[in-house]
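Now for the letters of each chain:
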Amino acid sequence: MPDSVFAGSVPKLYETYMVPLIFEPYAKDVANRLASIQPWRILEIAAGTGAVTREVAARLPGSSVVATDLNAGMLDYAKSVVTNDNVGWKQADALALPFGDATFDAVVCQFGAMFFPDRPRAFAEARRVLNKSGVFVFSVWDRIEENEFADIVTRSIGERFPGDPPMFLARTPHGYHDRDQIQKDVRAGGFSSLEIDTVPERSRADSPRIPAIAYCHGTPLQDEITARDPSGLDEATEIAADAIRREFSAAAVDGKIQAHVITVPG
C-alpha cells in the first residue's frame, strides 16, 4: 500500500491522536504567519483532517479558505470536524490543481510535500495558482533523529522485525528534510527565492501509550506492521509504548519535535 494512503479508521485516529501530539503547534505557526499578511483568498493543499484549516479560518475570519486533499477519506473526516463558515472543500491532486492561474493570495501546505511523487511539479502548480504578490508557505519534518517519539517508535518496532524493519516514519514523513534539496525543488518549481526556518517544538501526551497509538494506529505504519504480522499491531504498540516509557516516564511525556517551515514569495 502506498505511503500516502490514510484509509479505514486512520483519519479518525489521526485526528484524535496525531493532531494534538505533533500538528497543532505548527498549525498555529502557519496561521500566525498568514495573519501577519492578511491574505483574502487562501488555498490549502493536503489539508488532512483540517488542523491548519481550522486555525487559519479562525485567525482570518474575513478570508475565504479552500481546503483540498487527494485522499477522500481524510477530506470527508475534515468536513465533519471543521465547521467554519469561511471554508470550502474540494478533492484535488497537488500535481494538477483544478484552479485557474493567479487565483489565490496564499497557498499553504502543512506536512504534505513529503508525500508528493513529483515535488517540483507540485511546487510549480502552487506557483501557477498564486498571484504575483502572494505567498506560499509549507512545512516538512526535520530528520527523524530530531523528533524523539517518532525515532523511538521506529527503532523499537525495528527490533521486533529485525530482518525487515518497518521504516515508514523515517522514509516518508521524515524523509524530506535536506535543506539544499528543498531549495533546489522549490526553484525547479519556478520560484526565485525562499526562506527556510527550522522550528523546534514540544510534543506532549498524558502517557507513553498516546504517542505509541498515534504512530502505530494513526499512520500508514499500521499497514507496514500488519503486513509483517497480521495480528501484531497491539504487540507492536506495546513495544513502542514501553520504549517511550523507558526513555521518558510512566506518566506524562514531553518530547522534542522539529520541522522546517518554508516561506516562498510568489
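Please read these numbers as outputs of a predicted model, since none were measured by experiment.

What counts, and where the lines are drawn
Residues numbered from 1 in each chain as written. Predicted model: local features only at pLDDT ≥ 70, side-chain atom pairs only at ≥ 80, totals over all residues. Heavy atoms only, no water. 1 Å grid on protein atoms, 1.4 Å probe; cavity = no way out; pocket = protein on both sides within 12 Å on 5 of 7 lines; lining within 4 Å. Points joined across faces, edges and corners; volume = space filled by probe spheres on them. Helix = DSSP H or I, 4+ residues; strand = E, 2+ residues; numbered from the N terminus. Pairing = 2+ DSSP bridges. Axes fitted to C-alpha atoms, helices over the stretch in contact; angles between N-to-C directions. Contact = heavy atoms within 4.5 Å. Salt bridge = Lys/Arg side-chain N within 4 Å of Asp/Glu carboxyl O. Buried < 20%, exposed > 50% of the residue type's maximum accessible area, 1.4 Å probe, protein only. Right-handed = clockwise from strand over helix to strand, strands pointing away.

### Brief notes about empty space enclosed by the protein
Rolled over the atoms, a probe as big as a water molecule pinpoints where empty space is left.
Moving on, step 1. Considering all chains together, one arrives at one cavity of 30 Å³ or more under this definition.
Moving on, step 2. Counted as a void, the largest cavity has a volume near 40 Å³.
Moving on, step 3. Ile45, Cys109, Ala113, Phe116, Ala122, Phe123, Phe136 and Phe138 together form the lining of the largest cavity.
Moving on, step 4. Mapped by element, the contributors of at least two residues to the lining of the largest cavity are helix H4 (119-129) and strand S5 (130-141).

### Observations concerning the sheet that holds strand S1 (residues 41-44)
Moving on, step 1. What the seven strands build is an open sheet, ordered S3-S2-S1-S4-S5-S7-S6; its pairing is mixed. Looking at strand neighbours, the two that pair on one side only are strand S3 (87-91) and strand S6 (195-205), the edges of this open sheet. Strand-to-strand twist across the sheet, computed as the mean angle between neighbouring axes with direction ignored, equals 20 degrees.
Moving on, step 2. Both S1 and strand S2 (residues 64-69) contribute to a ladder of four bridges, which runs parallel. Opposite Arg41, over in S2, you have Ser64 as the bridge partner.
Moving on, step 3. Here H4 sits on the sheet and contacts S1, strand S4 (104-110) and S5; the angle it forms with S5, its principal contact strand, is near 145 degrees.

### Things to note about the pattern of salt bridges
Moving on, step 1. This structure, assessed with the given rule, holds 19 salt bridges.
Moving on, step 2. Between Lys28 and Glu55 there is a salt bridge, and its shortest N-O distance comes to 3.1 Å. Taken together, the residues Lys28 in helix H1 (residues 10-35) and Glu55 in helix H2 (residues 51-59) connect sequence positions 27 residues apart.
Moving on, step 3. Residues Arg160 and Asp229 are paired through a salt bridge, measuring 3.0 Å at the closest nitrogen-oxygen approach. With Arg160 in helix H5 (residues 148-160) and Asp229 in the loop between helix H9 (221-228) and helix H10 (233-247), this residue pair connects regions lying 69 residues apart in the sequence.
Moving on, step 4. By relative accessible area, which is 28% here, Arg160 ends up partly exposed.
Moving on, step 5. Classification of Asp229 by relative accessible area gives buried; the value is 15%.

### What to know about the pairing of S5
Moving on, step 1. For S5, the buried fraction is high: ten of the twelve residues fall into the buried class.
Moving on, step 2. For the crossover that starts at S4, traverses H4 and ends in the parallel S5, the hand is right-handed.
Moving on, step 3. Here seven bridges tie S5 to strand S7 (residues 253-265), and the two strands are oriented antiparallel to one another. Bridging across to S7, Phe138 finds its partner in Ile262.

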